Amino acid sequence: MANEGDLKVLAQFDNEIEASIVKGMLEANGINAGVLGDNTASTLLRGLDKGLWRVVVKPEDFDAADALLNTPIEEVDDDDDDEQ
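This section reports on the structure supplied with the text. Predicted model, so just to flag it, every value in this text is computed and none were measured.

### Points about helix 1 (residues 16-28)
Logical step 1: With 13 residues, helix 1 ought to run about 18 Å at 1.5 Å a step, and its terminal C-alpha atoms sit 18 Å apart, in line with that.
Logical step 2: Every buried residue belonging to helix 1 is among Ala19, Val22 and Leu26, and all of these are buried. Around the axis of helix 1, the buried residues are gathered within 65 degrees of arc, so they sit on the same side. The exposed residues of helix 1 that point more than 90 degrees off its buried face are Ile17, Ile21 and Ala28.
Logical step 3: The residue sitting at the N-terminus of helix 1 and contributing the capping side-chain oxygen is Asn15; that oxygen lies 3.1 Å from the backbone nitrogen of Ile17.
Logical step 4: Immediately downstream of helix 1, the backbone of Gly30 shows phi near 85 degrees, a positive value.

Structure (structure tokens):
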């Protein structure tokens, strides 16, 4: 992953788990990503603010990552399988 200053924030999440899921999805699709977040001490001092965990990508990967993140998931109609 590049230096933190060379990265672009793709999305922010309330918790590390959600951010890690998105990071995994991006990496499964060939886009290097990272998760940046506050440490426990600063979280305790500030409280449970939103947007503590950020998914970051290289600027050149931002558009592809954004398109992937914002692509709706198609629903599969299981009824079609029952008719065969």
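### Quick look at the pattern of salt bridges
Side chains that differ in sign of charge can pair as their charged atoms come close.
Logical step 1: A full pass over the atoms with the stated rule returns one salt bridge.
Logical step 2: A salt bridge links Glu27 to Lys23; its shortest N-O distance comes to 3.2 Å. With Glu27 and Lys23 both in helix 1, this residue pair falls four residues apart, about one helical turn.
Logical step 3: Classification of Glu27 as partly exposed rests on a relative accessible area of 36%.
Logical step 4: Lys23 gets classed as partly exposed once you look at its relative accessible area, which sits at 25%.

### Considering the packing of aromatic side chains
Logical step 1: With the rule as written, the count across this model stands at zero aromatic pairs.
Logical step 2: Taking NZ or CZ as reference, Lys8 lies 4.2 Å from the ring centre of Phe62, over its face.

### Brief notes about the sheet that holds strand 2 (residues 33-37)
Logical step 1: Here three strands make up an open sheet; going across it, the order is 1-3-2 and the pairing antiparallel. Strands with a single pairing partner mark the edges of an open sheet, and in this sheet they are strand 1 (8-13) and strand 2. Direction aside, neighbouring strands of the sheet carry axes that sit 30 degrees apart on average.
Logical step 2: Where strand 1 and strand 3 (residues 53-57) come together, five bridges link them in antiparallel fashion. Within the sheet, the bridge partner assigned to Val9 lies in strand 3 and is Val56.
Logical step 3: Where helix 1 meets the sheet, it contacts strand 1, strand 2 and strand 3, and its direction lies at approximately 165 degrees from that of strand 2.
Logical step 4: Packing against the sheet, helix 3 (residues 62-69) makes contact with strand 1 and strand 3, and its axis sits at approximately 25 degrees to strand 1.

About the criteria used
- Residues numbered from 1 in each chain as written.
- Predicted model: local features only at pLDDT ≥ 70, side-chain atom pairs only at ≥ 80, totals over all residues.
- Heavy atoms only, no water.
- Helix = DSSP H or I, 4+ residues; strand = E, 2+ residues; numbered from the N terminus.
- Expected span 1.5 Å × (residues − 1).
- Buried < 20%, exposed > 50% of the residue type's maximum accessible area, 1.4 Å probe, protein only.
- Arc of directions from axis to C-beta.
- Polar contact = N/O pair within 3.5 Å; in protein donor to acceptor, adjacent residues only side chain to side chain.
- Salt bridge = Lys/Arg side-chain N within 4 Å of Asp/Glu carboxyl O.
- Phe/Tyr/Trp six-rings, centres within 6.5 Å; stacked < 30°, edge-to-face > 60°.
- Lys NZ or Arg CZ within 6 Å of the ring centre and 35° of its normal.
- Pairing = 2+ DSSP bridges.
- Axes fitted to C-alpha atoms, helices over the stretch in contact; angles between N-to-C directions.
- Contact = heavy atoms within 4.5 Å.

Read these as spatial facts, not as claims about activity.
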